[in-house]
Amino acid sequence: MFVKDIMQTKVITISPKDTAKTARELMDRHQIRHLPVVEGKKLIGVVTDRDVRHSLASKLISVEVKEIIELLDNLKIEGIMTRDPFTVTPLTPIAEAAEMLVEKKIGCLPVVSRGELVGIITDRDILLAFARMTDKRPKG
């Protein structure tokens, strides 16, 4: 089984010029934890819910509540994203992708083909695939 068999192809992405507020809203609306950062179709990074939380926490030490909203509006994704993230191709075996997630201690792998983002695979996708493959219950 390959990454192409279980990857998500309807990927919610974000621009490096977007704000942390936009990232937070997208993650909440779509119930996701990872956003590939793209310029056009080219992957340039990944931002996670943890990136957004950590960047805000470091800036909130001496900030009043009204300033928090302003921080979210002004904090650009390019300042908090992971650049040059680990990636896989659609033909990467799932076992190899799973090993990368564990070894690199990450939660997602953008799927890239010919330099363009074509999907994303997360730790959740791999767990669901494993559960389906090992399910011995009768179908139907």
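Residues numbered from 1 in each chain as written. Predicted model: local features only at pLDDT ≥ 70, side-chain atom pairs only at ≥ 80, totals over all residues. Heavy atoms only, no water.

Chemist: Would you take a moment to explain the pairing of strand 1 (residues 34-39) for this structure?
Modeler: Taken residue by residue, a regular strand's side chains alternate between the two faces of the sheet. With respect to burial, strand 1 is a largely interior element, five of its six residues being buried. Between the end of strand 1 and the start of strand 2 (residues 42-48), which pair antiparallel, lie two residues, with Gly40 showing a positive phi angle near 70°. (Buried < 20%, exposed > 50% of the residue type's maximum accessible area, 1.4 Å probe, protein only. Helix = DSSP H or I, 4+ residues; strand = E, 2+ residues; numbered from the N terminus. Pairing = 2+ DSSP bridges.)

Chemist: How should the confidence of the model for the chain be read in this particular structure?
Modeler: Atomic detail in the predicted coordinates should be set aside for any region of low pLDDT. When pLDDT is averaged along the chain, the result is 88; 87% of the residues meet or exceed 70. For the chain, the element scoring lowest by mean pLDDT is helix 3 (residues 65-74), at 69; strand 4 (residues 108-113) scores highest, at 97. (pLDDT = per-residue confidence, 0-100.)

Chemist: Is there a simple way to explain the sheet that holds strand 2 in this structure?
Modeler: Each strand in a sheet pairs with its neighbour through backbone hydrogen bonds, running either in the same direction (parallel) or in the opposite one (antiparallel). The antiparallel open sheet is built from three strands, whose spatial order is 1-2-3. At either end of the open sheet lies a strand with only one pairing partner, and these are strand 1 and strand 3 (82-83). Here six bridges tie strand 1 to strand 2, and the two strands are oriented antiparallel to one another. Each residue of the ladder has a partner; that of Val37, found in strand 2, is Gly45.

Chemist: Could you clarify how one ought to interpret the environment of Asp51 in this entry?
Modeler: Looking at the secondary structure, you find Asp51 in helix 2 (residues 49-59). The spatial distance from the C-alpha of Asp51 to the C-alpha of Gly79 is 9.9 Å, given a sequence separation of 28 residues. Ignoring any residue separated from it by four or fewer positions in sequence, one finds Asp51 in contact with Val46, Ile80 and Thr82. A distance of 2.9 Å separates a polar side-chain atom of Asp51 from the backbone nitrogen of Thr48. (Contact = heavy atoms within 4.5 Å. Polar contact = N/O pair within 3.5 Å; in protein donor to acceptor, adjacent residues only side chain to side chain.)

Chemist: Looking at this structure, how should I read unusual backbone geometry?
Modeler: Backbone geometry follows two general trends: most residues other than glycine have a negative phi, and most peptide bonds adopt the trans configuration. We note that Gln31 has phi near 50°; this positive angle belongs to a residue other than glycine. Within the secondary structure layout, Gln31 lies in the loop between helix 1 (20-30) and strand 1. Look at Arg114: it is not a glycine, yet its phi comes out positive at around 55°. Along the chain, the position of Arg114 falls in the loop between strand 4 and strand 5 (116-122).

Chemist: Mind showing me how you'd approach the pattern of salt bridges here?
Modeler: It is possible for side chains of opposite charge to pair when their charged atoms get near one another. Enumeration according to the criterion identifies four salt bridges in this entry. Salt-bridge contacts for Glu78 lead to Lys17; the nearest nitrogen and oxygen are separated by 3.2 Å. On the criterion of sequence distance, the pair formed by Glu78 in the loop between helix 3 and strand 3 and Lys17 in the segment before helix 1 is long-range, its members being 61 residues apart. For the salt bridge of Asp49 with Arg53, the shortest nitrogen-to-oxygen distance reads 3.3 Å. Note that Asp49 and Arg53 are positioned in helix 2 at a spacing of four residues, about one turn of the helix. You can call Arg53 partly exposed: its relative accessible area is 45%. (Salt bridge = Lys/Arg side-chain N within 4 Å of Asp/Glu carboxyl O.)

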